[in-house]
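# Chains, contacts and geometry: an overview
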Amino acid sequence: MEVRPVVYGQSSRPPRGDYSRAASDYTCTQNYAAYTEVEHATWRQLYARQRALLPGRASSDFIACLPLLGASERIPHFEDINTRLQAATGWQLVGVPGLIPEVDFFRLLSQRRFPVTDWIRTRDELDYIVEPDIFHDLFGHVPLLFHPVLADYMQAYGAGGLKAADLGATELLARLYWYTIEFGLVREADGIKAYGAGILSSAGELAYSVTSPIPQRLPLQLERTMRTRYRIDDYQHTYFVIDDLQQLLDFASSDFAPLYDRLRQLPEIAADERLPGEASIPV
Ligand code: PHE
Ligand code: FE
């Protein structure tokens, strides 16, 4: 089994972080002194393993941005990354004890603040963890926050999330997050590559997502994607493929309200369903 982040706010288990440390917006300071040498070694091992798997599988944008994280040897200080991130795209990392309620999550994103879980998994969880930890959040998500297009998409998504909450449509919008930010694939000149954080922080799913004949890979279409349910306890059965990151940012300029109304009338699509006329993109 592999790293299996759950979508923010939908965990059925009690969260594992210490929420008594958090402020009313759920942010907390990174208790850096509390990390043990074993935990730094866990970070180093996870980082080295994932980085070795990237060539030929991760998107060229992700590979280009990863060095900006600057944290291959030890768990990084959020403030160090923030100095570089502020200069690059104006984003800031804020510590959180773990998963936070979706409206609070959307609000932080709309303010260009990205919540990062400050604890790291144990030695028993190198291949599988049920909640996002600092490795998933930093290694998976933060490199592309240095990319101007993805940076703007994430903020627009946060603002769109606040609006979806008012319209009672967060489940529909969360599927878009899942199939782009967490499990998105992108078409590049030399093949299909991963840009989603849930894939990029997983040792097993990274190769699976771009080479296995088992899952289907469909061109990302807004309505199809938002109707498609997803699995949080297994590799994905369906991946949605974009042509480039700019395609995501185009969603920011269209009003989703009429779309939500339409989608509410349509049936959901199962995680592994293939509709008539659909063809999986060959890899
Ligand atoms: N434009 C969308 C809306 O009107 C919000 C959104 C922006 C969604 C960016 C996804 C990404 O609700
Ligand atoms: Fe995530």
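Residues numbered from 1 in each chain as written. Chains lettered and ligands numbered in written order. Predicted model: local features only at pLDDT ≥ 70, side-chain atom pairs only at ≥ 80, totals over all residues. Heavy atoms only, no water.

By the naming in an unreviewed UniProt entry, the protein is Phenylalanine-4-hydroxylase, taken from Comamonas terrigena. Regarding the protein, the UniProt comment filed under Catalytic activity (unreviewed entry) reads as follows: "(6R)-L-erythro-5,6,7,8-tetrahydrobiopterin + L-phenylalanine + O2 = (4aS,6R)-4a-hydroxy-L-erythro-5,6,7,8-tetrahydrobiopterin + L-tyrosine". Reading the Cofactor (unreviewed entry) entry of the UniProt record for the protein gives the comment "Fe(2+)". (UniProt positions renumbered as here; feature names shortened; annotations may be inferred.)

### Focus: unusual backbone geometry
Phi at Tyr-26 takes a positive value of approximately 75 degrees, unusual for a residue other than glycine. As for its position among the elements, Tyr-26 is in the segment before α1 (37-53). Under the relative-accessibility criterion, Tyr-26 is labelled partly exposed at 26%. Here the phi dihedral of Arg-112 falls at roughly 55 degrees; this positive angle occurs in a residue that is not glycine. Residue position: Arg-112 is located in the loop between α4 (102-110) and β2 (113-117). A residue is classified by how much of its surface remains accessible, and Arg-112, at 16% relative accessible area, is buried. (Helix = DSSP H or I, 4+ residues; strand = E, 2+ residues; numbered from the N terminus. Buried < 20%, exposed > 50% of the residue type's maximum accessible area, 1.4 Å probe, protein only.)

### Points about the coordination of the iron ion (ligand 2)
For a metal bound by four donors in a tetrahedral arrangement, the ideal donor-metal-donor angle is 109.5 degrees, while six donors in an octahedral arrangement ideally sit at 90 or 180 degrees. Binding of the iron ion (ligand 2) to the protein goes through His-136 (NE2), His-141 (NE2) and Glu-182 (OE), at separations of 2.0 to 2.1 Å. By relative accessible area, His-141 is classed as buried at 4%. (Donors = N, O, S within 2.8 Å, 3.2 Å for Na, K, Ca; no water.)

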